[in-house]
Amino acid sequence: MKLRDYQQSAVSNIGVAFKTNKRALFVLPTGGGKTTIFSQVAADAVNDGESVLVLAHRRELIDQANERLKRFGLETGLVISGEEMTPDAPVQVASIQTLTRRFEKVGKPDLIIVDEAHRAVADSYARVLEEYPDARVLGLTATPCRLDGKGLKGSFSTIVEGPSIEDLISRGYLMRPIAYSASIPDLTGVKTRAGDYAADQLAEALERSTICGDAVSSYQRITPGRSGIAFCVSVKHAGLTADAFNAAGIQAEVLTGDTPKDERAGILARLRSGETKIVASIETLTEGFDFEGLEVVLLMRPTKSLALYLQMVGRVLRISDGKDEAIVLDLSGNTLRHGLVEEIREWSLDGVKDDQNARATNGDTLKTRLCKMCFGVHKAAPVCPLCGHTHEKDDRIPVAKAGELRRIKAEELEAAKRALSDRKKQEERECRSLEDFVKLGKSRGYKFASGWAAKRWELRQSRVRATSYSGWPK
Ligand SMILES: [Zn+2]
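Residues numbered from 1 in each chain as written. Predicted model: local features only at pLDDT ≥ 70, side-chain atom pairs only at ≥ 80, totals over all residues. Heavy atoms only, no water.

A. Structural detail: the packing of helix H8 (residues 211-222) against helix H9 (residues 235-247). Running from N to C, H8 and H9 cross one another at 45°; their axes reach a closest spacing of 9 Å. Here H8 lies oblique to H9, going by the angle between them. As H8 runs across H9, the sense of the crossing is right-handed. The segment H8 lies against H9, with Ile-211, Cys-212, Ala-215, Val-216 and Tyr-219 engaging His-237, Leu-240, Thr-241, Ala-244 and Phe-245. Split into classes, the residues belonging to the contact of H8 with H9 amount to eight nonpolar, two polar and no charged. (Axes fitted to C-alpha atoms, helices over the stretch in contact; angles between N-to-C directions. Helix = DSSP H or I, 4+ residues; strand = E, 2+ residues; numbered from the N terminus. Parallel < 35°, antiparallel > 145°, perpendicular 65-115°, else oblique. Left-handed = near helix turned anticlockwise from the far one by under 90°. Contact = heavy atoms within 4.5 Å. Nonpolar A, V, L, I, M, F, W, Y, C, P; charged D, E, K, R; others polar.)

See below:
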């Protein structure tokens, strides 16, 4: 298997971390190729005569890891209920639940690899790590914090960071998502428990709200016919969402943790083929679900958890043939709450800083801006990059109605851009002094307003001179 350059450096950085640490946490965005990286780390360990234990908590992740390890030429054994064991294989891929019942049958590993390591604080993981106190532990995650925002300091002693989402987007390994935000549901009275909205109260609030209907109309306006996943808060909420789509003639299905395996495969196959347009799900799909062609995520579950938000949006970022856009239809306020996914975040084993996990619920944050023309959410800038709308100064967040949510057509966009450029030229023509230019530069939010103003002023002076020459007789 050929590794990408950053994957190769990840493998060597992990090796360096292990020289001074027993337990390292490696951070890489969804779609960056975690499985490839840990397979290479496992292959290197086996080459050195070591035994490796790979842990995951769900069947799909176990099968996925097993397949990849085999492609690296590794001999693997499975520790999962209903499967025969091959204890002699140097790499054991285990379900965490099954392993805790079969410790005596599994040899002591030299290296333990924990996939989706933000779960490593759970009791079952703690038991495994206690059982093998001498093993090196490599945890991998896209979100190095627990869903409640707390850190992983108790489980790991150092953090190794791979490229950020922005790095992977700008290098063409992931797609830059376009986010639209509308109709933030009223969450008055919903309490916070363990760092996130109390799920039962949230479910009640959403079931009473118009969110399902809003999701359907947003989908019809912005992303008609595209394949999407709708993330909901409860099984009932997912059912209501699928009903709303089906009632509008858009084929939708529900997929939850209780969906039997073969049925699950059928649903995913229909989503891939395009027969089913929307799969309404709850948290079960946030990890390890690989459908690269997915075009839309509908965020219908407001969350205060940055980790959960990043995992949900992460589903739509992968590159795929024939896929031209990755769209986030946010009906939950999550984009405004947490910022755009590509925002650079500082990770630490202490967890998420308060300002990252609890932002303004439906207001502008410093880093993002909601456009009241197209309801796109973008990196803070005086002009919306999606539609060319110039924000007024003190533009507060409007509560957008899904009915107003719309995609701007190319011609409208061109016209808006032209109008914008005309307006800018006019503003500049009206400047009568260097100070006027500085003021204008500042009002446009330019970082280097005085430098820009000096250049414009110099250009103006030279033009004035040129004009006076043109007054000579022809
Ligand atoms: Zn806009």
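B. The pairing of strand E17 (residues 376-379), seen in detail. The pairing of strand E8 (residues 178-181) with E17 spans two bridges and is antiparallel. Bridging across to E17, Ala-179 finds its partner in Val-377. Alignment of strand E16 (residues 368-370) against E17, held across three bridges, turns out to be antiparallel. Bridge pairing links Thr-368 to Lys-379 in E17. Between the end of E16 and the start of E17, which pair antiparallel, lie five residues, with Phe-375 showing a positive phi angle near 65°. (Pairing = 2+ DSSP bridges.)

C. Summary view of the packing of helix H1 (residues 5-20) against helix H2 (residues 34-47). Close contact between H1 and H2 brings their axes to 9 Å; oriented N to C, the two are set at 50°. Considering the angle they form, H1 stands oblique to H2. The two elements H1 and H2 meet at a crossing, and its hand is right-handed. Residues Gln-7, Ala-10, Val-11 and Ile-14 of H1 pack against Thr-36, Ile-37, Gln-40, Val-41 and Asp-44 of H2. In terms of residue class, the contact of H1 with H2 is built from five nonpolar, three polar and one charged.

D. Spotlight on the sheet that holds E16. If you trace the eight strands from one edge of the open sheet to the other, you get E12-E13-E11-E14-E15-E8-E17-E16, paired in mixed fashion. Single-partner strands in this sheet number two, and they are strand E12 (252-255) and E16. Looking at each pair of strands side by side, their axes are set apart by 25° on average, direction ignored. The pairing of strand E11 (residues 228-231) with strand E13 (residues 278-281) spans four bridges and is classified as parallel. Pairing of Ala-230 across the sheet is with Ala-280, part of E13. Docked against the sheet, H9 engages E11, E12, E13 and strand E14 (296-299), running at close to 170° with respect to E12. Across the sheet, helix H11 (residues 306-314) touches E11, E14 and strand E15 (327-330), and the angle it forms with E14 is around 150°.

E. Region of the structure containing the pattern of salt bridges. According to the stated counting rule, one finds 18 salt bridges in the structure shown. Note that Arg-193 and Asp-200 form a salt bridge whose closest N and O atoms lie 3.4 Å from each other. The exposure class assigned to Arg-193 is partly exposed, which follows from its relative accessible area of 46%. Asp-200 gets classed as partly exposed once you look at its relative accessible area, which sits at 44%. One salt bridge in this structure joins Arg-270 and Glu-253, with 2.8 Å as the shortest N-O distance. Here the residue Arg-270 occupies a position in helix H10 (residues 261-273), and Glu-253 occupies one in strand E12, the gap between them amounting to 17 residues. (Salt bridge = Lys/Arg side-chain N within 4 Å of Asp/Glu carboxyl O. Buried < 20%, exposed > 50% of the residue type's maximum accessible area, 1.4 Å probe, protein only.)

F. Here's a closer look at unusual backbone geometry. Here Glu-116, not a glycine, exhibits a phi torsion of approximately 50°, which is positive. Phi at Ala-194 takes a positive value of approximately 45°, unusual for a residue other than glycine. Position of Ala-194 relative to the elements: it lies in the loop between strand E9 (192-193) and strand E10 (196-197). You can call Ala-194 exposed: its relative accessible area is 67%.

Taken by themselves, the reported measurements are silent on function.
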